[in-house]
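# Remarks on the overall topology
Given next are the chains, with one letter for each unit.
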Amino acid sequence: MSVTNIMVIGAGQMGGGIAQVCAMAGYNVFLNDLNDDALARGLAVITKNLSRQVEKGRMTEEDKLATLGRITNTTTLESAKEVDLVIEAAVENMDIKTKIFAQLDEIAPAHTILATNTSSLPITEIAAATNRPEKEIGMHFMNPVPVMKLVEIIRGLATADEVYETIEDITKKLNKVPVEVNDFPGFVSNRILMPMINEAIYTVYEGVATPEAIDEVMKLGMNHPMGPLTLADFIGLDTCLYIMETLQEGFGDDKYRPCPLLRKYVKAGWLGKKSGRGFYNYN
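Residues numbered from 1 in each chain as written. Predicted model: local features only at pLDDT ≥ 70, side-chain atom pairs only at ≥ 80, totals over all residues. Heavy atoms only, no water.

The next thing to look at is the UniProt feature "site: Important for catalytic activity" (unreviewed entry) in the chain. Those places that UniProt annotates as "site: Important for catalytic activity" (unreviewed entry) correspond, in this numbering, to His 140. Residue His 140 is classed as buried on the basis of its relative accessible area of 5%. His 140 has contacts with Thr 116, Asn 117, Thr 118, Ser 119, Leu 150, Val 151, Glu 152, Ile 154, Phe 187, Ser 189 and Asn 190, leaving out every residue within four places of it along the chain. (UniProt positions renumbered as here; feature names shortened; annotations may be inferred. Buried < 20%, exposed > 50% of the residue type's maximum accessible area, 1.4 Å probe, protein only. Contact = heavy atoms within 4.5 Å.)

In structure tokens, the structure reads:
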């Protein structure tokens, strides 16, 4: 299957990063969000990232301008009529995602692959909102997208081999490393990572140690580049909570029960770096 034009839904941290690496790889990209302000913010971040690459000598000014020239902003899903692949990077909510995919199924050409960047939701359930489950697939990028090499490629129950092979090939063209994963809650990355983060939060909750001490133990003792509580703040505590709830519901196992302190912080609006406060203060 040949892919030339790609649509990325969501111009936030993940969607903007996906749009950037796709444009850098030579694909024509339609970057979609709900309004022009969100698109302007997303494009500003992409421009800043590319300018940093120029400053470091990793990219020429001409390549930067060419990359930006391959990105077209759009606030309508109708642009899906012109693409061979859609990568959805909207909010991590099943109702929102299935609504988007049902619309895309009606708009996009029959050959178009519909991929989701979900970090934990079932690919098969999202695919059920369409009449093309064989063309549905998970394409889970890591954050920050321009830096991190891994992409989990998740097959749904009906995903065609040809679709998987196409996405695997595109992932390599984006200078990423594809890893095949089956459709289970949390896939591999978050099924392992989030319970560790949740346990670190329990360790704070039970008064075992401070966030600073816990992060130091994991950095210096386990050789992690970043402590789990700092990482949780960067991911967003609301996202961590949602993924833990997805794991608990998906497996029906209380070992995935979110720590009460995590719920409390989210209810307080302490969502991590993006809100200015989480386990650490960013103000």
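Within the secondary structure, Arg 58 is located in the loop between α2 (36-55) and α3 (61-69). On the basis of relative accessible area, Arg 58 is assigned to the exposed category, the value being 59%. Note: C-alpha distance between Arg 58 and Leu 43 (15 residues apart in sequence) is 20 Å. (Helix = DSSP H or I, 4+ residues; strand = E, 2+ residues; numbered from the N terminus.)

One simple way to see leftover space: roll a probe sized like a water molecule over the atoms. Of the pockets and cavities examined, the second largest pocket occupies roughly 290 Å³. Taken together, 14 residues make up the lining of the second largest pocket; nearest its centre are Ile 9, Asn 32, Leu 34, Ala 90 and Ile 100. (1 Å grid on protein atoms, 1.4 Å probe; cavity = no way out; pocket = protein on both sides within 12 Å on 5 of 7 lines; lining within 4 Å. Points joined across faces, edges and corners; volume = space filled by probe spheres on them.)

The next subject is the sheet that holds strand β4 (residues 85-88). Within a sheet, adjacent strands bond to each other through the backbone by hydrogen bonds, running parallel or antiparallel. Read across the sheet, eight strands follow the order β3-β2-β1-β4-β5-β6-β7-β8 without closing on themselves; strand pairing throughout is mixed. Lying at the two open borders of the sheet, with one neighbouring strand each, are β3 (71-74) and β8 (177-181). The sheet shows a mean angle of 25° between the axes of neighbouring strands, taken without regard to direction. As judged from the four bridges shared by strand β1 (residues 5-9) and β4, these two strands associate in the parallel manner. Among the inter-strand pairings, Val 8 is bridged to a residue of β4, identified as Ile 87. Packed onto the sheet, helix α1 (residues 13-24) meets β1, β2 (28-32), β3, β4 and β6 (136-141) and runs at close to 165° relative to β2. (Pairing = 2+ DSSP bridges. Axes fitted to C-alpha atoms, helices over the stretch in contact; angles between N-to-C directions.)

On domain assignment, one finds that the chain holds domain 1 (5-182) and domain 2 (190-273). With centres defined by C-alpha atoms, the gap from domain 1 to domain 2 works out at 27 Å. Counting residues at the interface gives seven residues for domain 1 and four residues for domain 2. Where domain 1 abuts domain 2, roughly 490 Å² becomes buried across the two surfaces, and 50% of that area is made up of carbon and sulfur atoms. Among the residues of domain 1 in contact with domain 2, Glu 92, Ser 119 and Ser 120 are the three that bury the most area, contributing 62% of the side total. Summed over the shared surface of domain 1 and domain 2, the result is zero salt bridges. (Domains from an automatic or database assignment. Buried area = accessible area lost by both parts, 1.4 Å probe. Salt bridge = Lys/Arg side-chain N within 4 Å of Asp/Glu carboxyl O.)

Across its 12 residues, α1 extends 17 Å between first and last C-alpha, which sits within 8% of the 16 Å expected from 1.5 Å per residue. Where burial is concerned, most of α1 is hidden: nine out of the 12 residues are buried. Looking only at α1, the buried set comprises Gly 15, Gly 16, Gly 17, Ile 18, Ala 19, Gln 20, Val 21, Cys 22 and Ala 23. Where α1 terminates, the next one or two residues include Gly 26, which has phi positive at roughly 100°. (Expected span 1.5 Å × (residues − 1).)

Quick look at the UniProt feature "domain: 3-hydroxyacyl-CoA dehydrogenase C-terminal" (unreviewed entry) in the chain now. Residues annotated in UniProt with the feature "domain: 3-hydroxyacyl-CoA dehydrogenase C-terminal" (unreviewed entry) correspond here to residues 186-282. In residues 186-282, the share of helix is 62% and the share of strand is 0%. The end C-alpha atoms are 28 Å apart.

Tallied over the entire structure, the rule returns five aromatic pairs. Judged by centre distance (6.2 Å) and plane angle (70°), the ring pair of Tyr 202 and Tyr 205 falls under edge-to-face. On the criterion of helical spacing, the pair formed by Tyr 202 and Tyr 205 is a turn pair, its members being three residues apart in helix α7 (residues 189-205). Through a chain of ring-to-ring contacts, three or more aromatic side chains come together here, namely Tyr 265, Trp 270 and Phe 279. Here Arg 277 stacks its cationic end above the ring of Trp 270, 3.8 Å away from the centre of that ring. (Phe/Tyr/Trp six-rings, centres within 6.5 Å; stacked < 30°, edge-to-face > 60°. Lys NZ or Arg CZ within 6 Å of the ring centre and 35° of its normal.)

Turning next to the nonpolar core. Core analysis: the largest hydrophobic core is formed by 33 residues, its most contacted members being Leu 85, Ile 87 and Met 139. In this view, Ile 87 contacts Ile 6, Met 7, Val 8, Ile 9, Ile 18, Cys 22, Ala 115, Met 139 and Phe 141; residues no more than four positions away in its chain are not counted. Grouped together as the second largest cluster of nonpolar side chains are 24 residues, Ala 200, Tyr 265, Val 266 and Phe 279 included. (Core = buried A, V, L, I, M, F, W, Y, C linked by side-chain atoms within 4.5 Å.)

Bringing the side chain of Glu 88 into the picture now. Relative to the assigned elements, Glu 88 resides in strand β4. In this structure the side chain of Glu 88 is engaged in a polar contact, spanning 2.5 Å, whose partner is the side chain of Thr 116. (Polar contact = N/O pair within 3.5 Å; in protein donor to acceptor, adjacent residues only side chain to side chain.)

Summarising the element assignment, Arg 132 is placed in the loop between α5 (123-127) and β6. Within the structure, Arg 132 has its side chain in polar contact with the backbone oxygen of Pro 109 (distance 2.8 Å).

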